[in-house]
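Below are the chains, spelled out letter by letter.
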Amino acid sequence: MADYIYTMELRLTPSQQKGVTLVQDIARNAGMNVYLTGGAVRDIITGFPIRDLDFTVQGNPLKLQKDFERSGAVIGGADDYFGTLYLTLPGSVRAEISSARLERHEKTGKPPVVTSATIIEDLRRRDFSVNAMALSLNPGSRGLLMDPFNGAADIEAKLVRILHNYAFVEDPSRLIRASRFAARFHWPLEERTQARYDSAKENNYIEYITDRAIGYEIEQLAYEDDPLNIIRIFEKEGWLKVLSPHWTTAKVDTNGLSQLMKTRQQMVDMGYAPAPAPAVLHFLTERLSEKESTDIRKMIPRRDLAEAWRDLEDHAKELSKRLTGKEAATPSRTWKLLSSARPEMVLFLAVTARQQAVAQKIKNFFTKWREVQQKVPLPEMTELLITPQLPQYPKVAEDVFMLLLDGKLRSRTERLNFLKPFAPPPPPPPPPPRRGRGAKAAAVPAPAQAVASVPGKAGKKKGKLEPAAPVPAKAAELAKPQKGAVRAAVATPKTPVAPQKKAAVIERKHVPEKKSAPAKKALTKPAKSASAKSKPKQKSKKH
Ligand code: ATP
């Protein structure tokens, strides 16, 4: 059996993986079997991007609303009739949780009679073979792929195939879905599916489409990566006017839409994940009347999407106002404002801003200011040992970036003055070289530990780099932050050096070889006491 769990984990984004675990745990706690279904399974196998997660549970998912809310998910809408919950899971993961059900289509144009069912029965009510697969998320069968219509083979053959001859009669919205999937994947309809499609079109079955299905398909259009291509196909096939009677591609702001998708891609490349659906709907319906847009909005099953679309322009105006006010008086403040704004708002405003100042600020946020970010860390940060290992590093780096944005920290002195207070204490100096009898004692072969605790012979040579040695208590004390110590570190060469070598460089500066007798005395004291300690040992050896 192919390991679909491995493939799933490989293909899902980290947030989607967390989403799968979350849904799986909540369903399991409620005693419901849960499966990943529909487009998510299809896209795991095809390798196309996984846009959203569809789950099917054996039970009523509407009972799980509270659990989902407690776990940080946002309920975007619920459909009592079909037992479906529309969610946004933490990390902006779009998900749909449906009850495993059987749909009996008794009368064309009427909603089907819905009864609860097993997962296999549920797969039989689906639209196309490639969408009729389920992946078990249950203990004991986790990773088992259920594929009763051989969807995997149709993925291999790149075909859109209906499950039975009445697929389009039962639910004419499948005609629109067939066009959408064929256009998105560039997969043709399988031969018999094509024949049924043509016949359904000819017999105008589409007039029996329900309002619910219209709303659902408009919403799906908004999630497409290339909505312009899809809407053109819809127009050609005659489906666009089914979704809204006066909708044509002439009513679409095509420039705005392509600009939106381009900017969105740029943002994705920068690591943002703006949800473009509300803005897509805005541009798709730009030239429809207010009433027509409102009618469309009312049909969208996800209430949060409908509201986000409705409020888009107002929120953009608000952000635009803030960008021209005090809050964005400097580049650093503007950066903070744009970083904390919702990515989808920044995206929308980037495309629609009319004020030159606002457009320029957003442009800088995406381009010029990011180049400034590359200048952190400054060479002086490395020099002062302000490295990512320090707990205060992120804050210092952020402050440096903000100052650089505002054109500060131009000179080296300015940079050093700003950074010095954040510099960690320099590494402790190694013990000074031994002299006299102490050094002789050190030269005598000793147990491994003792050898490690005293400087070697090389330590005797003036000015030579000391080998590594453990930090004596006194030396550790010397390492406490002191102005002089920071100065010594600043005075080291520009090129970054490893801490051990650097210690040696500092040591050389601290221990004047001949002139400064007091300093020498102070630093050689511990060595003397070390040699004094070794004296009795020597004696006992002689005896
Ligand atoms: P994508 O989200 O990538 O557009 P999808 O297949 O997930 O593709 P959705 O519209 O999210 O599409 O639907 C989820 C699943 O629900 C589908 O894969 C399909 O199994 C089922 N489904 C949706 N609409 C219908 C329908 N009209 N008839 C039968 N099954 C449907």
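None of these values were measured; they are calculated from a predicted model.

Caption draft 1: Just the site of the ligand, in detail. In the vicinity of the ligand lie 19 residues, with R42, R51, D54, D171 and R184 positioned nearest. At 3.1 Å, a side-chain N or O of R180 approaches an oxygen atom of the ligand. If the ligand stood free it would expose 580 Å²; the protein chains cover 94% of that surface. Breaking the shell around the ligand down by element, the ones donating at least two residues are α3 (38-46), α8 (173-185) and α10 (211-222). The leading source of residues in the shell around the ligand is α8, at six residues. For the shell around the ligand, the class distribution of residues is two nonpolar, five polar and 12 charged.

Caption draft 2: Region of interest: the sheet that holds strand β3 (residues 74-79). The seven strands lie next to each other as β3-β4-β5-β2-β1-β8-β9, forming an open sheet whose pairing is mixed. Each edge of the sheet is formed by a strand with only one pairing partner; in this case those strands are β3 and β9 (145-146). Contacts from α3 reach β1 (34-37), β2 (53-57), β8 (134-136) and β9, with the element oriented near 60° to β1.

Caption draft 3: Examining the pattern of salt bridges more closely. A complete count under the given rule lists 31 salt bridges for this structure. In this structure, R125 engages D122 in a salt bridge whose closest nitrogen and oxygen atoms are separated by 3.4 Å. The pair formed by R125 and D122 is uniform in burial state, with each residue classed as buried. Here R412 and E380 are joined by a salt bridge, their closest N and O atoms 3.6 Å apart. Taken together, the residues R412 in helix α23 (residues 412-419) and E380 in helix α21 (residues 379-383) connect sequence positions 32 residues apart. You can call E380 buried: its relative accessible area is 3%. It is possible to trace a salt-bridge network through shared partners that takes in R51, D127, R177, R180, R184, E217 and E224.

The rules behind the values
- Residues numbered from 1 in each chain as written.
- Predicted model: local features only at pLDDT ≥ 70, side-chain atom pairs only at ≥ 80, totals over all residues.
- Heavy atoms only, no water.
- Near = heavy atom within 4 Å.
- Polar contact = N/O pair within 3.5 Å; in protein donor to acceptor, adjacent residues only side chain to side chain.
- Areas by Shrake-Rupley, 256 points an atom, 1.4 Å probe, with all protein chains shown as cover.
- Helix = DSSP H or I, 4+ residues; strand = E, 2+ residues; numbered from the N terminus.
- Nonpolar A, V, L, I, M, F, W, Y, C, P; charged D, E, K, R; others polar.
- Pairing = 2+ DSSP bridges.
- Contact = heavy atoms within 4.5 Å.
- Axes fitted to C-alpha atoms, helices over the stretch in contact; angles between N-to-C directions.
- Salt bridge = Lys/Arg side-chain N within 4 Å of Asp/Glu carboxyl O.
- Buried < 20%, exposed > 50% of the residue type's maximum accessible area, 1.4 Å probe, protein only.

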